[in-house]
Amino acid sequence: MSRLGNIGARLHRGEISLDFVGRQKTWYAVSGLILVVSVVSLLTLGLNFGVEFKGGTVFQFPTKPGVTTSDARAAVKDSGVVKEDPIVQKTGTGWRVQTESLSSTDVTKVQDSVQQRLHLAKADDVSPQSVGASWGKDISQKALEGLLIFIVAIVIYLSIAFEWRMAVAAIIALAHDILITVGVYSLVQFEVTPSSVVGLLTILGYSLYDTVVVFDKVRENTRSLTTSNTMTYSQAANLAVNQTLVRSINTSIIALLPVAGLLFIGAGVLGAGTLKDLALVLFVGMLAGAYSSICIATPIVADLQERQEKYRTLAKRVAAKANSAKRKAKPEVEVAELPQDDVPDEAEASSVGAGVRVVQNGPRQQPRRGGSKGRPSGKKKR
Amino acid sequence: MFWQGQKKPKLALDLAGGTTVTLTAEPTKPGAKIGDSEMGQAIKIMRERVNGLGVSEAEVTKQGNNVIVVQVPGQGQERVVKTIGTTAKLEFRQVLVAAPVGVTQQAPAPAPSPTSTGKTKGGASPSAKPSGSASAKASGSASPSASASATPKGRALAQALTKASATPKPSASAKASASPSASQSLTPQQLQQLQQQLQQQQQQQQSTGEDFSGVDPAVKAQFDKLTCVGNDIGQGRTLDPAKQAAVCAKPDPKTHKVDYKFILSPAKISGEQITKAQAMPPDPQNGRMQWVVSLDMNGSATKAFATFTQQAAALGENNTRNHFAIVLDGTVYSWPGVKEAITSGNAQIEGQFNQEDATDLANVLKYGALPLKFKQSSIESVSATLGKDQLTAGLVAGAIGLGLVVLYCLFYYRGLGLVAISSLAVATIFTYEAVVLLGKFINFRMSLAGIAGAIVAVGITADSFVVFFERLRDEVREGRTLRTAVERGWVRARRTIIVADAVSFIAALLLYWFAIGGVKGFAFTLGLTTLIDVVVVFFFTKPLVTLLARTKFFGRGHRFSGLDPRTLGMTKRVPNRPVGTKEA
């Protein structure tokens, strides 16, 4: 942990600066590629819709020692009412057999047949679920309505809490996450159920949550940016991403751990159903969300902001300064390699200040630098 | 905290075992809207049907604007589905034969009236109000109004002009009627006479048996077999409108007992033909002392009703066949007698209604008239065993998730990890208590999806600590003493936590609003735990950290405190540094 803590500290001060914002083209390209794959997969493979979208009946019943898949299938088929070949899945506790849509009388027949064939205590041990063909569509339609309203609500909220550019970036990141998740579902042909659709909606909340935390820091870092001429918006934003990187990673890990537990139990023990559907979609979506809040959302905000006049001129001023600094202050490179010395000394020094000193060896710091040069040795001994 | 009373969360059917039927309403005409009041009525009918099954704790709830979810604990899917699956159908049929159910039905439950004679026909202790309803209405309207007696609250009612009993309660009632112009009013004395006649007749009928002339023998056989107990009541049964039918009265909503059974003629009027029905408040100035239900019917029904009422009125009020049955959903909701031929298509049903009774009956007439079609979107039955398995799996998943988070917190935050863990523990207890309390007060039931929501929320809750701790560490890295770092870090973290939790809560809220089925539970726990998270962070985690900052272990940044400045990347000069810097 001490190493992790150190990395955190160095990221915080900007010593280790992973250039997320500056490499936005790379990220856009990576995401673009994934998105293209997702869309192509959606168009060609499509989604594997579950019984809720197609209509049908699912029977779940406990297993008995020695019962094989074909036994389970036969037990259902022997009822005489199932015409199509049922889909049989083994779950941690028994069997899950999916048939075409059956009437409630036929459902009872299947229950009886399974009970007799597998010698279950009573027919009610067989749990049936019948779903109409349009049920999944109904739910999904509702979910999409919810999605639209959610997006509007969030845009308004973020526009008030932050500003519209951040709201737009957050929504783009969101769309990105959803598309990727859907794409993964299509590629791997996971079954899409209403639970997955709802899990997808939850990702919205999660992805935004993550993004919001990063944006909060970006805003803090860029609040009085134009007055200082020390770094461009993109640089400040990048610093924010780096400063919240440890948090983002921790958050993602901590969020993914319970979901992983859920997935493990849902898929491993129960086999199928609500838990697995929710956990799976959350797992994929959260991964995408963690990536997008760092590599997509913030670069987009930076791009949008840089279009503004004030930040464009700022960028020019900063560039001019950096050039002159480079010309004048070549020898100072080594100074920059001793970043510990640059731990903020002014009482009001914010993390921005800390970052500034490291990222940019501007001439403005020259005078002070002389003073601080002697300090490390002196202070350390004190 | 709230240890009294129930201590365990209520479980939803996917964990406790039971049958869930999801019904989606479809507009009667394409493009037509499904109104709230229609849905309300449909839910009422469903509830009555399900209650008719005699299962306790059955729940009928509306979700979204066109979905009804019926949850019945326990087993027996077929019966449930059959009962609630049919479309509500309203018909008027002539009563051919009426007989009390069970011989012991002499003094029916609701209100034994002092006069036993009046009750030979059993039933709902009809009481006629001589003054109010029995006397003709002197209203100025030119339209003849129907007269009818009805029992409110769906008890099948005895005939018009039965005895004026002293018990006002169970109502039933009497007649009135007549168009103002041709109105013949009955004085209380006349009424009394009629009632006595009726009683005599009833007694005769009782002894001689019912008049089965013209009754289809097959229907008679059915009628004889009809016990009107449990499934035999036939709620939700679809009757062939063109045929005679043996039907039970609607069971009492509380006792589920049925007092009467009938043989009815083919349908005279179907619900769709009733164009308007409304409850009208008492209007003493026009001699109307009670609530009445007024109904209008369309042209073809007016004709049919006129023919029927002419015949029925001619039979005299004492004749069983003078009555028509309002059949809803396969049972007789009410069976008013006919006083007058009603040719205008506007009828009034009178009885000792209070506002609720009258409104209920009007709703039945109104919405029975536009039967909402429901399609069974999903029928899910979970055996008790499967439910238990799912509950165990959910809890194990939660334990694993929580365990992993605890381990990670300890690994990464050391001492601070303990703060995180105790906060998580507090949040867990809060959540559990909240679920128990909500179960008690708003009947919230924990479902598998709800458990999943709670597990996912562990991440959100833990993240608040992460935000706070990272801020705290940032402040320490900048060289502040722990005490100041806590305060400064908190101010900054607070904002982030609130904004982030707000987003998460909005998501949960909308999800809850729009979700149908089990997913609602997921959204609910997600939103609930988000709120709890805010409470815990503000009132537990932060104060705890403030307190701990004063201890030597944390304040000095012990190696295992998670706040060791050296491991955080600060140099050794930490404690005095800010001061020194300022001086420098």
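Since the model is a prediction, treat every value here as computed from it, not as a measurement.

**Q** Requested: an account of the overall build of chain A, with residues and values cited.
**A** Regarding its fold elements, chain A presents 17 helices and 6 strands. Classification of the 382 residues of chain A by burial places 58% in the buried group. Considering only contacts in chain A between residues 6 or more positions apart, those separated by 24 or more positions represent 77%.

**Q** Would you mind going over the overall build of chain B in detail, with residue names and values included?
**A** Of regular secondary structure, chain B possesses 14 helices and 14 strands. When each of the 584 residues of chain B is scored for burial, the buried share is 58%. For chain B, restricting intrachain contacts to residue pairs at least 6 apart in sequence, the fraction spanning at least 24 positions comes to 77%. Of the roughly 22900 Å² of accessible surface on chain B, a fraction of 58% belongs to carbon and sulfur atoms.

**Q** Mind laying out a nonpolar patch on the surface, listing which residues take part and the relevant values?
**A** Residues and elements named next belong to chain A. A contiguous nonpolar patch, built from V30, L33, I34, V37, L45, L187 and V188 and spanning about 580 Å² of accessible area, is present on the exposed surface. Looking at the nonpolar patch, the elements with two or more residues in it are α2 (24-44) and α7 (164-188). Per-element tally for the nonpolar patch: the top contributor is α2, with 4 residues. Relative to the helices and strands, L187 resides in helix α7.

**Q** Go over the pairing of strand β13 (residues 373-382) of chain B with me, naming the residues and quoting the values.
**A** In terms of strand pairing, strand β5 (residues 127-131) of chain A meets β13 of chain B through 3 bridges, oriented antiparallel. Across the sheet, residue V131 of chain A finds its bridge partner in β13 of chain B, namely S378 of chain B.

**Q** Go over the confidence of the model for chain A with me, naming the residues and quoting the values.
**A** Taken residue by residue, chain A gives an average pLDDT of 75. The fraction at 70 or more is 79%. Scored below 50 in pLDDT, residues 332-382 of chain A makes 70 contacts in the model with residues more than four places away or belonging to other chains.

**Q** Account for the sheet that holds strand β9 (residues 291-297) of chain B, naming residues and giving values.
**A** Residue and element names in this part refer to chain B. In space, the 3 strands of this open sheet follow the order β8-β9-β12, with antiparallel pairing throughout. Edge positions in the open sheet fall to β8 (274-280) and β12 (346-353), since each of these has one partner strand only. On average, adjacent strands in this sheet sit at an angle of 15° to one another, irrespective of strand direction.

**Q** Report on the confidence of the model for chain B, specifying residues and quantitative values.
**A** Residue and element names in this part refer to chain B. Averaged over every residue, the pLDDT of chain B is 71; residues scoring 70 or more account for 67%. Here residues 103-185 is modelled with pLDDT under 50, and outside its nearest four sequence neighbours on either side it reaches 252 contacts, counting other chains as well. Taken together, the stretch residues 204-208 has pLDDT below 50 and engages in 6 contacts with residues farther than four places along the chain or on a different chain. For this predicted complex, the interface confidence reaches an ipTM of 0.70, while the overall pTM sits at 0.62.

**Q** Mind laying out the sheet that holds β13 of chain B, listing which residues take part and the relevant values?
**A** Taken in spatial order, the 8 strands of this open sheet run β3(A)-β4(A)-β2(A)-β5(A)-β13(B)-β2(B)-β4(B)-β3(B), and their pairing is antiparallel. A strand with exactly one partner marks an edge of an open sheet, and here the two such strands are β3 (87-90) of chain A together with β3 (59-63) of chain B. Each neighbouring strand pair of the sheet contributes to a mean axis angle of 20°, computed without reference to strand direction. Across 5 bridges, the pairing between β3 of chain B and strand β4 (residues 67-73) of chain B is antiparallel. Its bridge partner lying in β4 of chain B, K62 of chain B is registered against I68 of chain B.

**Q** Account for the nonpolar core, naming residues and giving values.
**A** One finds L158 and Y233 of chain A together with V456, F469 and F522 of chain B to be the most contacted residues of the largest nonpolar core, which totals 133 residues. In terms of residue count, the dominant contributor to this core is helix α10 (residues 448-477) of chain B (18 residues). In this structure L158 of chain A touches E163, A167, A170, L208 and V212 of chain A together with V503 of chain B, once residues within four positions along its chain are discounted.

**Q** Would you mind going over the state of the cysteines in detail, with residue names and values included?
**A** As used in these notes, a disulfide is a covalent bond between sulfur atoms, one from each of two cysteines. All names here are of chain B. For the structure shown, the criterion picks out 1 disulfide over all chains. Bridging C228 to C248, the disulfide has an S-S length of 1.8 Å. Disulfide C228 to C248: torsion about the S-S bond roughly -95°, handedness left-handed. With C228 in the loop between α6 (217-225) and β6 (245-249) and C248 in strand β6, this pair connects stretches of sequence that are 20 residues apart.

**Q** Outline the packing of helix α6 (residues 135-161) of chain A against helix α8 (residues 194-222) of chain A, listing residues and values.
**A** Residue and element names in this part refer to chain A. One way to put it is that α6 packs onto α8 with a least axis distance of 9 Å and a crossing angle of 10°. It follows from the interaxial angle that α6 and α8 lie roughly parallel. Listed contacts from α8 to G136, I139, S140, A143, L147, F150, I154, L158 and A161 of α6 are P194, V197, L201, L204, G205, L208, V212 and R219. Of the residues contributing to the contact of α6 with α8, the split by class is 13 nonpolar, 3 polar and 1 charged.

**Q** How would you sum up the packing of aromatic side chains? Please name residues and give values.
**A** Two numbers describe a pair of aromatic rings. These are the distance of the centres and the angle of the planes. Residues and elements named next belong to chain B. All told, the structure shown has 24 aromatic pairs over all chains when counted by the stated rule. With a centroid separation of 5.2 Å and 70° between ring planes, the pair formed by Y413 and F469 is classed as edge-to-face. Placement of Y413 in helix α9 (residues 384-441) and of F469 in helix α10 is noted, with a sequence separation of 56 residues between them. For F469, a relative accessible area of 0% translates into the label buried. Look at Y512 and F524: their rings are 5.7 Å apart centre to centre, the planes differ by 55°, and that puts the pair in the tilted class. With Y512 in helix α11 (residues 482-514) and F524 in helix α12 (residues 519-549), this pair connects stretches of sequence that are 12 residues apart. Put simply, the rings of Y408, F411, Y412, Y413, F465, F468, F469, W490, F538 and F539 touch in pairs and so form one group of aromatic residues. Positioned above the aromatic ring of F223, the side-chain terminus of K261 is 4.9 Å from the ring centre.

**Q** Outline the pattern of salt bridges, listing residues and values.
**A** Taken as a whole and judged by the stated rule, the model has 17 salt bridges over all chains. The salt bridge involving R219 of chain A is made with D216 of chain A; its shortest N-O contact spans 2.9 Å. Residue R219 of chain A and its partner D216 of chain A are located together in helix α8, separated by 3 residues, close to a single helical turn. Residue classification places R219 of chain A among the buried residues on the basis of a relative accessible area of 18%. The salt bridge partner of D224 of chain B is K220 of chain B, with a shortest N-O separation of 2.8 Å. With D224 of chain B and K220 of chain B both in helix α6, this residue pair falls 4 residues apart, about one helical turn. Judged by relative accessible area, K220 of chain B falls into the partly exposed class, the value being 25%. One network of salt bridges, with partners in common, ties together K217 and E220 of chain A together with R471, E475, R480, R488 and R492 of chain B.

**Q** For the environment of P194 of chain A, give the residues involved together with the corresponding values.
**A** Residues and elements named next belong to chain A. Tracing the sequence through the fold places P194 in helix α8. Separated by 55 residues in the primary sequence, P194 and I139 place their C-alpha atoms 6.5 Å from one another. In contact with P194, other than residues within four places in its own chain, are E52, F53, G136 and I139.

**Q** So what's going on with the UniProt feature "transmembrane region" (unreviewed entry) in chain A? Which residues, and what values?
**A** Residues and elements named next belong to chain A. Taking the UniProt record as the reference, the feature "transmembrane region" (unreviewed entry) is found at residues 27-51, 143-160, 167-188, 194-215, 253-272 and 278-302. Between the end C-alpha atoms of residues 27-51 there is a gap of 37 Å, over a span that is 76% helix and 8% strand. Strand forms 0% of residues 278-302 and helix 100%; the C-alpha atoms that close the span are 33 Å apart.

**Q** Describe the pairing of strand β2 (residues 56-62) of chain A, with residues and values.
**A** Residue and element names in this part refer to chain A. A large share of β2 lies buried, amounting to 6 of its 7 residues. Looking at chain direction, β2 and β5 are connected through 5 bridges and run antiparallel. Residue pairing for β5: T57 is matched across the bridge by S130. Here β2 pairs with strand β4 (residues 94-99) via 6 bridges, running antiparallel. When the sheet's bridge partners are listed, Q60 is paired in β4 with R96.

**Q** Give a detailed account of the packing of α8 of chain A against α11 of chain B, specifying residues and quantitative values.
**A** Contact geometry of α8 of chain A with α11 of chain B gives a least axis separation of 9 Å together with a crossing angle of 160°. Put simply, α8 of chain A runs roughly antiparallel to α11 of chain B. Taken as a pair, α8 of chain A and α11 of chain B cross one another with a handedness that is right-handed. Residues V198, L201, T202, G205, L208, Y209, V212, V213, D216, R219 and E220 of chain A of α8 of chain A lie in contact with α11 of chain B, whose contacting residues are R492, R495, T496, V499, A500, D501, V503, S504, A507 and L511 of chain B. Residues that form the contact of α8 of chain A with α11 of chain B fall into these classes: 11 nonpolar, 4 polar and 6 charged.

**Q** Explain the environment of V476 of chain B to me, using residue names and the numbers behind them.
**A** Residues and elements named next belong to chain B. If you trace the backbone, V476 turns up in helix α10. With relative accessibility at 3%, the residue V476 sits in the buried group. Through-space distance from the C-alpha of V476 to that of V486 is 8.7 Å; in sequence the pair is 10 residues apart.

Cut-offs and rules
Residues numbered from 1 in each chain as written. Chains lettered and ligands numbered in written order. Predicted model: local features only at pLDDT ≥ 70, side-chain atom pairs only at ≥ 80, totals over all residues. Heavy atoms only, no water. Helix = DSSP H or I, 4+ residues; strand = E, 2+ residues; numbered from the N terminus. Buried < 20%, exposed > 50% of the residue type's maximum accessible area, 1.4 Å probe, protein only. Contact = heavy atoms within 4.5 Å. Areas by Shrake-Rupley, 256 points an atom, 1.4 Å probe, with all protein chains shown as cover. Patch = residues over 30% accessible without salt bridge, like charges linked within 9 Å, V, L, I, M, F, W, Y side chains within 5 Å. Salt bridge = Lys/Arg side-chain N within 4 Å of Asp/Glu carboxyl O. Pairing = 2+ DSSP bridges. pLDDT = per-residue confidence, 0-100. Axes fitted to C-alpha atoms, helices over the stretch in contact; angles between N-to-C directions. Core = buried A, V, L, I, M, F, W, Y, C linked by side-chain atoms within 4.5 Å. Disulfide = S-S within 2.5 Å. Parallel < 35°, antiparallel > 145°, perpendicular 65-115°, else oblique. Nonpolar A, V, L, I, M, F, W, Y, C, P; charged D, E, K, R; others polar. Phe/Tyr/Trp six-rings, centres within 6.5 Å; stacked < 30°, edge-to-face > 60°. Lys NZ or Arg CZ within 6 Å of the ring centre and 35° of its normal. UniProt positions renumbered as here; feature names shortened; annotations may be inferred. Left-handed = near helix turned anticlockwise from the far one by under 90°.

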